Amino acid sequence: MKYQYYPGCSLEGTALEYNVSTRALMESMGVELLEIKDWTCCGASAADSASYFLSLALPARNLAIAEKTEDVTDILVPCSACYLNLKKVEEKTKNNPELLGELNSILGPDQLELKGRMHVRHLLDVITTDLGPDTIHKYLKRELTGLKIAPYYGCQCLRPYPVFDDPELPRSMEPLITAVGAQIHPWNMGGKCCGASHVNTKPDVGLELVGGILQDAKGADAIITICPMCQMNLEAYQKKISRKQNINLSMTILYLPQLIGFALGLSQQQLRLDLNLSITDSFRKKLT
Amino acid sequence: MGNTAGLQKEIGAISTFADLAPIRKMIRSCIQCGTCTASCPNEFAMDFTPRRLWRMVLMDQTEDIFESKTFVLCSSCYFCTLRCPRGLPLTEAMSALKQIATRKKLPKFKESVNFYSCFIESVRRHGRVNEAEFMTRYFARLKNPLIPLRFAPLGVRLMMKGKISMLPPIKQARPLESIFRSVEALEERK
């Protein structure tokens, strides 16, 4: 099994552990990742707030480069924001030759041409649809019994394009959690918004949303995420919100491939659990 | 009233009908049902609800729209887009309003506008985002020493983990320069 791989900027910096654990997990299940050569930023959430054409041209450049590798047409993307930006170009150019032409007029001077052959896939889509709980079972080394996990999906892998899960009530992570022997924390916040960049520009609003998610996770041992921005929002401001709301909201926040990878026998070092900003002592004890 | 006159001056460059026209077209068939408002996670912080904002767009109330902070409070969760019974691209319409504010550098939205523009400029220079450099420039642009203080504890934690570096990024070719120029040229023609 082979995919082209678009890590995105966060995975080289603040979400390094997401990159390392995704690569390690895929390798341990026999999946090969080919990193797109000289990839550049997808525009994140900023391009969309600055210019419509820029928000499509930036991801289009990466898709056009990926198209040069003809035998692998699926691109695996772990970051939900990158995923949606790339996916938008795939979806919008599908039946719109005029837009495709405009994007190609932008890419032309760099000798790039977008034909629209690439299939953009979120990491969670690949794990659920292409691999599934059976593959996890096959490679399982340790059962994570006694752990209660709250699956957090966030927004942009679910909406506006419902590809692999229910965009209102997502459940695709549940069979993966039970496959590693853990329990599911029943909650209603899985598909709710973490506030995205509000935490930077409008902290009062952003932290209100994060606080709601952390409160509903009470009783779980960890929240698992599939997006660097969700991860950062949920893990970095726990003390601040706890102080503000006068309630202890400390909670372990892990990336999905860190949880599955651990069950598949990868070490904490291989999964870079040392880089997470919020892993509680009681959770660490449960891992050993 | 004086305030409104000031804003009028700021957004004077917006020829109301022309700038809002594409957005009006996107939401033309809005039936004012309020599903967007009921679905919005940030509605609690808005001065006008999303439903009301769409009505204001249809009524061409440009000043009120850019006086309100409703559209910059959209966090692009796409719940309204998903649920809109008319299938309108509401999140995209919010973005189109943000694009006008960014293009006109409206001072009222300077935190958001500077955040987006510093990010984009960092991408233009390096091809990828350099988080430390982008945040440093953002702080410099806001000229408010209290804002960097808000981020200092997190910045230190991230540096200790080796996730961000304060070293200036290595000078390299600007792989996106030609794309940025072509986009600017295309948008000028539009």
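Counting restarts for each chain: residues are numbered from 1 in the order of the written sequence. As a convention, the first chain written is A and the first ligand written is 1, with the rest following in written order. Given that the model is predicted, a residue must reach a pLDDT of at least 70 before its local features are reported, and side-chain atom pairs must reach 80 or more before they are shown or counted; all residues, however, enter totals for whole chains, interfaces and linings. Each side-chain value is worked out from all heavy atoms of the structure, with water and hydrogens disregarded.

Residue and element names in this part refer to chain A. Strands were regarded as paired on the criterion that DSSP finds at least two bridges between them. For the purposes of this entry, the term helix denotes a DSSP run of H or I that reaches at least four residues, the term strand denotes a run of E that reaches at least two, and both are numbered from the N terminus. Where strand β1 (residues 2–5) meets strand β2 (residues 32–35), four bridges bridge the pair, whose relative direction is parallel. Looking across to β2, one finds that lysine 2 is bridged to glutamate 32. With respect to chirality, the unit in which β1 leads through helix α1 (residues 16–28) into the neighbouring parallel β2 is right-handed. Whether a crossover is right-handed comes down to one check: with the strands pointing away from the viewer, does the path from the first strand over the helix to the second run clockwise; if it does, it is right-handed.

Residues and elements named next belong to chain A. Sheet architecture is open: four strands sit in the order β2-β1-β3-β4, paired in parallel fashion. Edge positions in the sheet fall to β2 and β4 (119–122), since each of these pairs with one other strand and no more. Within the sheet, the average angular offset between the axes of one strand and its neighbour, ignoring direction, is 40 degrees. Bridging between β1 and strand β3 (residues 74–77) involves two bridges; their strand directions are parallel. When the bridges of β3 are listed, glutamine 4 appears paired with isoleucine 75. To obtain an axis, a line is fitted to C-alpha atoms, over the contacting stretch when the element is a helix, and the angle between two such axes runs from 0 to 180 degrees between their N-to-C directions.

Turning to a positive patch on the surface, a few remarks are in order. Candidates for patches are residues over 30% relative accessible area with no salt bridge; among them, like charges are joined within 9 Å and nonpolar side chains (Val, Leu, Ile, Met, Phe, Trp, Tyr) within 5 Å. Values of accessible area rely on a 1.4 Å probe in the Shrake-Rupley scheme; residue burial ignores everything except the protein chains shown. A carboxyl oxygen of Asp or Glu within 4 Å of a side-chain nitrogen of Lys or Arg is what we treat as a salt bridge. His is not counted, nor are the chain ends, whereas Lys and Arg count as positive and Asp and Glu as negative. Just so you know, the charge point we use is NZ for Lys, CZ for Arg, CG for Asp and CD for Glu. Residues A:Lys239, A:Lys240, A:Arg243, A:Lys244 and B:Arg157 make up a contiguous surface patch of positive charge. Element by element, the count of residues in the positive patch is highest for helix α11 (residues 238–245) of chain A, at four residues. Tracing the backbone shows A:Lys244 in helix α11. For each residue, the accessible area found with a 1.4 Å probe, counting protein chains only, is set against the maximum for its type, and the residue is called buried under 20%, exposed over 50%, and partly exposed in between. On the basis of relative accessible area, A:Lys244 is assigned to the exposed category, the value being 56%.

Moving on: the pairing of strand β5 (residues 148–151) of chain A. Residues and elements named next belong to chain A. Two strands pair when backbone bridges link them, and β5 and strand β6 (residues 183–184) are joined in this way by two bridges, in the parallel orientation. Directly across from isoleucine 149, in β6, lies its bridge partner isoleucine 184. Since β5 and β6 lie parallel, the crossover through helix α7 (residues 174–179) that links them has a hand, and here it is right-handed. Bridge analysis of β5 against strand β7 (residues 222–225) gives three bridges, and the strand direction is parallel. Note that in β7 the partner of proline 151 across the bridge is isoleucine 224.

Let's shift gears to the domain arrangement of chain B. All names here are of chain B. Here the limits of each domain have been adopted from an automatic or database domain assignment. Domain annotation for chain B reports domain 1 (2–104) and domain 2 (109–189). Contacts are assigned to residue pairs that have any heavy atoms within 4.5 Å of one another. Between domain 1 and domain 2, the residue contacts involve eight residues of the former and five residues of the latter. As a working definition, buried area equals the accessible area (1.4 Å probe) given up by two parts on being put together, with both sides summed. Between domain 1 and domain 2, a total of about 500 Å² is buried, with carbon and sulfur atoms accounting for 74% of that surface. For domain 1, the biggest contributors to the area lost against domain 2 are Val72, Ala101 and Thr102; these three give 69% of the whole. In this assembly, domain 1 and domain 2 are joined by zero salt bridges. Polar contact criterion, stated in full: a pair of N or O atoms within 3.5 Å, where within protein one must be able to donate a hydrogen and the other to accept it, and residues adjacent in sequence count only if both atoms are side-chain atoms. Counting the contacts that link domain 1 with domain 2 gives zero residue pairs in polar contact (both at pLDDT 80 or more). It is helix α7 (residues 90–103) that contributes the most residues to the side of domain 1 that touches domain 2, three residues altogether. Considering only residue class, the side of domain 1 that touches domain 2 consists of four nonpolar, two polar and two charged. Each residue gets one of three labels, nonpolar for Ala, Val, Leu, Ile, Met, Phe, Trp, Tyr, Cys and Pro, charged for Asp, Glu, Lys and Arg, and polar for the others, Gly among them.

The aromatic pairing rule takes the rings of Phe, Tyr and Trp, using the six-membered ring of Trp, and pairs them if the centres are within 6.5 Å, calling planes under 30 degrees apart stacked, those over 60 edge-to-face and the rest tilted. Inspection of the entire model under this criterion finds 11 aromatic pairs over all chains. Each ring, one from A:Tyr18 and one from A:Tyr255, has its centre 4.2 Å from the other, and the planes form 5 degrees; the classification is stacked. Of this pair, A:Tyr18 sits in helix α1 while A:Tyr255 sits in strand β8 (residues 252–255); the two residues are 237 residues apart in sequence, bridging distant segments of the chain. No difference in accessibility class separates A:Tyr18 from A:Tyr255, as the two residues are buried. Through a chain of ring-to-ring contacts, the aromatic side chains of B:Phe115, B:Phe119, B:Phe134, B:Tyr138, B:Phe139 and B:Phe151 assemble into a single cluster. In this structure, A:Arg142 is placed above the aromatic ring of A:Phe262, and the distance from its NZ or CZ to the ring centre is 3.9 Å. Above the plane of the ring of B:Phe79 lies A:Arg159, whose end atom (NZ or CZ) is 3.5 Å from the centre. Two limits define a charge over a ring: the Lys NZ or Arg CZ must be within 6 Å of the ring centre, and within 35 degrees of the ring normal.

Here the focus is unusual backbone geometry. The linkage connecting A:Arg159 with the following residue, A:Pro160, adopts the cis geometry, with an omega of 0 degrees. Note that A:Pro160 resides in the loop between β5 and α7. Unusually for a residue other than glycine, B:Gln32 sits at a positive phi of about 60 degrees. Tracing the sequence through the fold places B:Gln32 in the loop between α2 (16–26) and α3 (35–39). Assessed through its relative accessible area of 23%, B:Gln32 is described here as partly exposed. Of note in the backbone geometry, B:Lys143 takes a positive phi value of approximately 50 degrees without being a glycine. Judged by relative accessible area, which is 73%, B:Lys143 ranks as exposed.

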